[in-house]
Structure formats: structure tokens, C-alpha cells
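# Analysis of the macromolecular model
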Amino acid sequence: MKSSQEDIGLLEAYLKGRLSPEEKSALEVRLANEADLNSDYSDLKVLLEGMRISVLENKLDMLKGLENSIPPVAPNENKNDSPPFFLSKKFWMAGIIIIFLAIFGWWIFKENKSHLSEESAPLFAEKFDREFILHSIERSADVLDSLTVEQKIAYDLYAIQEFEDAIPKLNQLWKIQNDTMAYFYMGISYLATGNTSEAEKILSDNAIISNAYLKQKADSILAEYKK
Amino acid sequence: MDWILKIKTDDNQALREIYDLCREECIAWLQNDFGLSVHDALDVFQVSVVILYDNVMTGKLSTLTSNIKTYLKGIAKNKALEMLRSRKNRIIANKYPVMAQYVFEENEKVIFEEQLSTALMSLEFLGDPCKSLLQLYYYNDLSMENITSIMGYKNTDTTKNQKYKCLKRLQNIYSEHINKIASN
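Residues numbered from 1 in each chain as written. Chains lettered and ligands numbered in written order. Predicted model: local features only at pLDDT ≥ 70, side-chain atom pairs only at ≥ 80, totals over all residues. Heavy atoms only, no water.

### Here's the deal with the overall build of chain A
- Within chain A, the regular secondary structure consists of eleven helices and zero strands.
- Secondary structure of chain A in N-to-C order comes out as α-α-α-α-α-α-α-α-α-α-α.
- Taken over 227 residues, chain A has a buried fraction of 38%.
- Taking as baseline every contact in chain A between residues at least 6 positions apart, the subset at least 24 positions apart corresponds to 53%.
- With an accessible surface of roughly 13700 Å², chain A has 57% of that area assigned to carbon and sulfur atoms. (Helix = DSSP H or I, 4+ residues; strand = E, 2+ residues; numbered from the N terminus. Buried < 20%, exposed > 50% of the residue type's maximum accessible area, 1.4 Å probe, protein only. Contact = heavy atoms within 4.5 Å. Areas by Shrake-Rupley, 256 points an atom, 1.4 Å probe, with all protein chains shown as cover.)

### Thoughts on the packing of helix α5 (residues 98-107) of chain B against helix α6 (residues 113-126) of chain B
All names here are of chain B.
- Running from N to C, α5 and α6 point in directions that differ by 140°, and their axes come no closer than 10 Å. One way to sum up the angle between α5 and α6 is to call them oblique. You can see that α5 and α6 cross each other, and the crossing is right-handed. Residues A100, Q101, V103, F104 and N107 of α5 lie in contact with α6, whose contacting residues are E113, L116, S117 and L120. (Axes fitted to C-alpha atoms, helices over the stretch in contact; angles between N-to-C directions. Parallel < 35°, antiparallel > 145°, perpendicular 65-115°, else oblique. Left-handed = near helix turned anticlockwise from the far one by under 90°.)

### Topic: the layout of surface pockets
- Within this model, the second largest pocket holds a volume of roughly 510 Å³.
- Every residue lining the second largest pocket is counted, 17 residues in all, and those nearest its centre are A:L15, A:L48, A:E49, A:R52 and B:T58.
- Only α3 (35-68) of chain A together with α5 of chain B provide two or more residues apiece to the lining of the second largest pocket.
- Looking at the lining of the second largest pocket, the element that brings in the most residues is α3(A), giving five residues.
- Considering only residue class, the lining of the second largest pocket consists of six nonpolar, three polar and eight charged. (1 Å grid on protein atoms, 1.4 Å probe; cavity = no way out; pocket = protein on both sides within 12 Å on 5 of 7 lines; lining within 4 Å. Points joined across faces, edges and corners; volume = space filled by probe spheres on them. Nonpolar A, V, L, I, M, F, W, Y, C, P; charged D, E, K, R; others polar.)

### Some words on the environment of A:L31
All names here are of chain A.
- Structurally, L31 is set in helix α2 (residues 21-33).
- A relative accessible area of 8% means that L31 is categorised as buried.
- Measuring from C-alpha to C-alpha, the distance between L31 and Y41 comes to 8.2 Å, with ten residues separating the pair along the chain.
- The residues contacting L31, other than those within four sequence positions of it, are L11, Y14, L37, N38 and Y41.

### A look at the packing of helix α1 (residues 5-15) of chain A against helix α9 (residues 156-183) of chain B
- It is at 11 Å that the axes of α1(A) and α9(B) come closest, and there the two elements cross at 80°. Taken together, the axes of α1(A) and α9(B) are roughly perpendicular relative to one another. Only B:K160, B:N161, B:K163, B:Y164 and B:L167 of α9(B) make contact with α1(A), whose side of the interface consists of A:Q5, A:I8 and A:E12.
- Considering only residue class, the contact of α1(A) with α9(B) consists of three nonpolar, two polar and three charged.

Structural data, given as C-alpha cells:
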């Protein structure tokens, strides 16, 4: 170090940002022109950073020593040595299982909708097409269909045994158009889906039993069902 | 609690208190939010406390606008991400001590790593009492009166002379080493 004690003091103040604008400008001119002063400035800058590292390393050692003197940190069972949860295998496995169960559940639900109740299944398997479809299910290009669009939809749903979907449509026909056939089909649909009390209520209703043909059908179905 | 004043006046005690206050919460947070192991979380936490200290001492942090834990978590978050990034990119652990690496990165455009590691080595070579005297003056920014009292010197003139001599000795050691490196 070739600079005087006074110049070293000036360089220190410069590095710490404590010079006035005038003093700073004057020193910068000297640094540009005096090689020894400039060399001391460069060295001082590096040495000060070296001192900083040394202090910080000492503080880190002190904290490590402190850590050794206190009870250790309890490991976090859930997260220890594992990536964030959304990146973990568990997360993806749970996701796949949930999606699989949702698809399976939806499929079961869909299948069950058109399934007959356990009690009515044998009866419907044997006799439904022959005895429970009372409207014409044959379509012809040259014969006009006498059914309305709403009736066709509701009756067709009934005919293909989609009872859950058919019931609200048949109910509409009964309520709005007073369609006795729809009301009868609704009773049969309730029977098929296991709602026996509602089925019996409809099939023994005056609207049905006042029609001899429907009464005979309803009586025979209920009698057979009760066997 | 004025943590900045506390760090400036009684640094070791302040660091111990901050360490105790934030340790459990910060380490659990580092494990939960960044998936760090206890060991890594502890490393990141300790380095973060030291960086907090450095920020106060170098004047980067002059007023604490948030809670001390929040400020510390801000540093720890950056350090944790840095650690995860270097693992992802398979960066080999640096040959220098962790705090040296931190200062290197801050100075990389101005000072070479080799110069800083030589300065650090020269300081170790210089030893005490010179090393402590220079650190108290340059890093801790203590007054000559305070240093005189801490070091047990007769008066401030003695301290000033001693500081100048120590700096000269340090620079000689440093120049010798750096010239050797240059000639190789």
C-alpha cells in the first residue's frame, strides 16, 4: 500500500459513499490520473469484500453451533424428502382412481336406469313385448301415424323399456292430454322400476278400471306380479 | 422490537433471537412449500439469517416494513428456489464456502472469484488481532472509540495507527499471493 494514511481514509469514505459530490469528483479525477492510488483503491475494494465473506462465514458457523446445542427439528412426516404434493405419485394415483370411480359410477347409473327392478324382471322379460305394449309399434311410409309427436316419444321410450325417462313424459301426456294409455303405461313403468305402491295406485285408478280392456290388462299384471 | 438496531448494536444476541423465533416455522414452511428435506431446509434457513444480517450491515435493509419472519421468508424463498434450480440443472456444488459464493455472485461483474478467494485467504493468514480490528472497522462500521474500547487499546490514535499498519500488512500478503497466481 503506497498511499498515505490520509488518502486511505479518503478511499474508505469513497467506498462507503460518504464523500460530498465535490470530494467524490475530485477523487475520481485523481483515481484516473494516479496509478498507485488507483491500485490501492482496487485492492481495498477486494479486501473489504474478503472481510465481508470472513464475517459472514463466522456468523454461519455460529448459527450451526447454535443448532447443535438445541433439540433437532422434528422431520415433517408428510413432506420430508418428497416433492410438492401436486407433483407426487400419490396425487396422480389418487386422481386416476377418482376418475376411474367416477366413470364406473356413471356407467352403473346409466345401466341401472333402464334396468328392471329385481321383482319385476322375470315378468317383463317374458311378457312385456307381447302383453304390455298396447299401441302399434309398426311404422309404415304409406299409413299415417295417429300418434302425436309427444306420444310417439313417450311410448317409444316405454317400448324400449327406458322407464325412468318415459315416466315424466307419460305423466305430462296424462296431465295435459288426459291420455289414459299413457297413464296405464306410467303404472306399468312404476311397476318395472320397483315403485309398487305408485304402480298399484295408478293401475287400480278409476281412469284405468273404467276402461274394460285396460282393467283386464291391469288386473292380470298385478295378479301375476303378486304371485 | 427494532431488529435493525438490535443487529447493529448486539449482533450475535440478535441473530440468536431471530434464529429461535423463526426456526421452526421457517423450516416447516420450506419443507411443505418447496419439498426440501429437513437438512436442506436447515441449510437454507441458516444462510437466510446470515443474509438478513448482511443486508442490515451493508445498509441494504435500513427499515423493516414487514414482520421479521416475512422478510426472512422472502430471502429463504429465493435461496430454496436457487437450490432446486441448481439440483435440476445438476450443477456441481461450488468449491468455495457458501457465504463466499454468495458474495462472489454479487460481485461477479466487478471482482474475480480468484481475487476474492485470495483476499479471504490473506485475511486468515493475517490472523488476530489485525483481522478483528479491520472487520470491526470496515464491516461492522464501528467508531474508533468503540473499537478502542473493544480491543483494549490505549487511545483512538493507537487504534488508528494499528488499523493502518494492519491494512498495509494485509495488502502485502494479498499482493504477494495474487502476484504468485499471476506468474503461474
